[in-house]
Amino acid sequence: MHMQRLGKNLGSYLGETIDIRAVLRDVEAAAQMSGWTSETIYETSNFKIPALRREGLGASRKIYISTGIHGDEPAGPLAALKLLQENDWPTNLDLWLCPCLNPVGFQLNSRANAKGFDLNRSYLNPVVEETLAHIAWLEQQPDFDLCMTLHEDWESHGFYLYEQNPDARPSLAEKMIRAVERVCPIDLSELIEGRPAQNGIVRPSIDPRSRPDWPEAFYLITHKTRQSYTLEAPSDFPIQTRVNALVTAVNTAINF
Ligand SMILES: [Zn+2]
């Protein structure tokens, strides 16, 4: 799909923001209506971080989806809400969904939390309260067959994704790209965030242990799963395009 960048994000994300309280109210309402249970990972007087869970019928695959760890990436929580409202999940899945891991970041339209920590760089030696709580919650969950973390990138020229697939399982990356390209441009750069990319797919060769600033995806691939995708919507495009890109990628992955 061809579409011009909006060109309004200069130096940081300057696009639409969301009322995260309202979005999370809608998330809880949609979840309740379609058989999800909800618990709180972390709570202060100001906000709480929810985790949603739905058991499948004769479930065979365990799938974890999270988003909203960066407060300047609104398409993620909106995609979580849309997925819940559409309620079109295959029935044979056990699902875990963290619809917003950094609510205070959204209140501030900030990538970081209230104290300035990038939560998505905090997972190796966690000291940040939200991250400690999230890891403690993850430790109580079983291993997952598939993990997806939903993000946005204000610098990118289209949708792209990172794949971590150390056992060379059947890849979902090309399938997701082929589906997303019908609703959103793909970033075809040969270098994305300093890493070699091909047709919107980055397959990082780095050993997580060699990096000091772990994103959530590194924690997941070393502790909880053997197949993980980080999905990046391009936030210099209209919000509906980005939400559709993330929703389409998730729907593609969970239907294989
Ligand atoms: Zn992000």
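Further up the page is the structure itself.
About the cut-offs
Residues numbered from 1 in each chain as written. Predicted model: local features only at pLDDT ≥ 70, side-chain atom pairs only at ≥ 80, totals over all residues. Heavy atoms only, no water. Helix = DSSP H or I, 4+ residues; strand = E, 2+ residues; numbered from the N terminus. Rg over C-alpha atoms; globule rule 2.2 N^0.38 Å. Buried < 20%, exposed > 50% of the residue type's maximum accessible area, 1.4 Å probe, protein only. Contact = heavy atoms within 4.5 Å. Areas by Shrake-Rupley, 256 points an atom, 1.4 Å probe, with all protein chains shown as cover. Lys, Arg positive; Asp, Glu negative; His and termini not counted. Charge placed at Lys NZ, Arg CZ, Asp CG, Glu CD. Core = buried A, V, L, I, M, F, W, Y, C linked by side-chain atoms within 4.5 Å. Donors = N, O, S within 2.8 Å, 3.2 Å for Na, K, Ca; no water. Tetrahedral: all angles 85-135°; square planar, octahedral: opposite > 155°, others 65-115°. Axes fitted to C-alpha atoms, helices over the stretch in contact; angles between N-to-C directions. Parallel < 35°, antiparallel > 145°, perpendicular 65-115°, else oblique. Left-handed = near helix turned anticlockwise from the far one by under 90°. Nonpolar A, V, L, I, M, F, W, Y, C, P; charged D, E, K, R; others polar. Phe/Tyr/Trp six-rings, centres within 6.5 Å; stacked < 30°, edge-to-face > 60°. Lys NZ or Arg CZ within 6 Å of the ring centre and 35° of its normal. Polar contact = N/O pair within 3.5 Å; in protein donor to acceptor, adjacent residues only side chain to side chain.

Chemist: Quick question: what am I supposed to make of the overall build of the protein here?
Modeler: Broken down by element type, the protein carries 7 helices and 10 strands. On C-alpha atoms alone, the protein measures out to a radius of gyration of 17 Å, which is about the 18 Å that the 2.2 N^0.38 rule sets for 256 residues. Reported as C-alpha extents along the three principal axes, the dimensions of the protein are approximately 40 × 40 × 40 Å. Relative to its full complement of 256 residues, the protein shows a buried share of 55%. Once local pairs closer than 6 in sequence are excluded, the contacts in the protein between residues at least 24 apart make up 78%. As presented, the protein carries roughly 11,200 Å² of accessible surface, and 49% of it is formed by carbon and sulfur atoms. A gap of 3 Å separates the mean positions of the 24 positive and 33 negative side-chain charges of the protein.

Chemist: I keep staring at the nonpolar core and nothing clicks. Help me out?
Modeler: Most often, soluble globular proteins have nonpolar side chains that are buried together. Counting residues in each nonpolar core, the largest one holds 48 residues, and the members touching the most others are Leu-84, Met-148, Phe-159, Leu-161, Tyr-229 and Leu-231. Contributions of two or more residues to this core are made by helix 1 (20-33), strand 3 (61-67), helix 2 (75-86), strand 4 (93-98), strand 5 (146-153), helix 5 (173-180), strand 10 (228-234) and helix 7 (239-254). Looking at this core, the element that brings in the most residues is helix 7, giving 9 residues. For Leu-231, the residues in contact, after removing those within four places along its chain, are Met-148, Thr-149, Leu-150, His-151, Phe-159, Tyr-160, Leu-161, Met-176, Leu-246, Ala-249 and Val-250. Counting residues in each nonpolar core, the second largest holds 24 residues, with Tyr-42, Ile-135, Cys-147 and Trp-214 among its members.

Chemist: What exactly am I supposed to notice about the coordination of the zinc ion here?
Modeler: Ideal values for angles at a metal depend on the geometry: 109.5 degrees with four tetrahedral donors, 90 or 180 degrees with six octahedral donors. Around the zinc ion, the protein supplies His-70 (ND1), Glu-73 (OE), Glu-73 (OE) and His-151 (ND1) as donor atoms, at distances of 2.1 to 2.3 Å. Of note is the zinc ion, whose 4 donor atoms meet at the metal with angles of 58 to 151° in an arrangement that counts as irregular. Going along the chain, you hit the donors of the zinc ion in the pattern H-x2-E-x77-H. With a gap of 78 residues between them, Glu-73 in the loop between strand 3 and helix 2 and His-151 in strand 5 connect regions that are remote in the sequence. Neither residue differs from the other here; Glu-73 and His-151 are each classed as buried.

Chemist: Explain helix 4 (residues 129-139) to me, please; I cannot follow it from the model alone.
Modeler: Residues spaced three or four apart along an α-helix face the same direction, because each turn holds 3.6 residues. Here helix 4 has its buried residues at Glu-130, Thr-131, Ala-133, His-134, Ile-135, Trp-137 and Leu-138. Of the surrounding elements, those touching the buried residues of helix 4 are strand 1 (37-43), strand 2 (48-54), strand 3, strand 4, helix 3 (103-108) and helix 6 (216-223).

Chemist: Help me out: how do you make sense of the packing of helix 5 against helix 7 in this one?
Modeler: Angle between the axes and distance between the axes are the two parameters that describe a pair of packed helices. Taken N-terminus to C-terminus, the directions of helix 5 and helix 7 make an angle of 140°; their axes are 9 Å apart at the nearest point. In terms of orientation, helix 5 lies oblique with respect to helix 7. The two elements helix 5 and helix 7 meet at a crossing, and its hand is right-handed. Across the interface between the two elements, Lys-175, Met-176, Ala-179 and Val-180 from helix 5 touch Ala-245, Thr-248, Ala-249, Thr-252 and Ala-253 from helix 7. Among the residues forming the contact of helix 5 with helix 7, the class breakdown is 6 nonpolar, 2 polar and 1 charged.

Chemist: It is not clear to me how the packing of aromatic side chains should be interpreted in this structure. Could you clarify?
Modeler: Aromatic rings considered in pairs are described by the distance between their centres and by the relative angle of their planes. Counted under the stated rule, the structure contains 8 aromatic pairs. In textbook terms, an aromatic cluster arises when at least three aromatic residues are bridged by ring pairs, as seen for Tyr-64, Trp-96, Trp-137 and Phe-144. Taking NZ or CZ as reference, Lys-175 lies 4.9 Å from the ring centre of Phe-256, over its face. The side chain of Lys-224 reaches across the aromatic face of Phe-144, ending 5.7 Å from its centre.

Chemist: Can you help me understand the environment of Arg-54 in this one?
Modeler: Structurally, the position occupied by Arg-54 is in strand 2. C-alpha separation for the pair Arg-54 and Ala-31, spaced 23 residues apart in sequence, amounts to 9.0 Å. Apart from residues lying up to four places away in sequence, Arg-54 is in contact with Ser-34, Gly-35, Trp-36, Asn-87, Trp-89, Leu-93, Asp-94 and Leu-95. At 3.1 Å, the side chain of Arg-54 and the backbone oxygen of Ser-34 are in polar contact.

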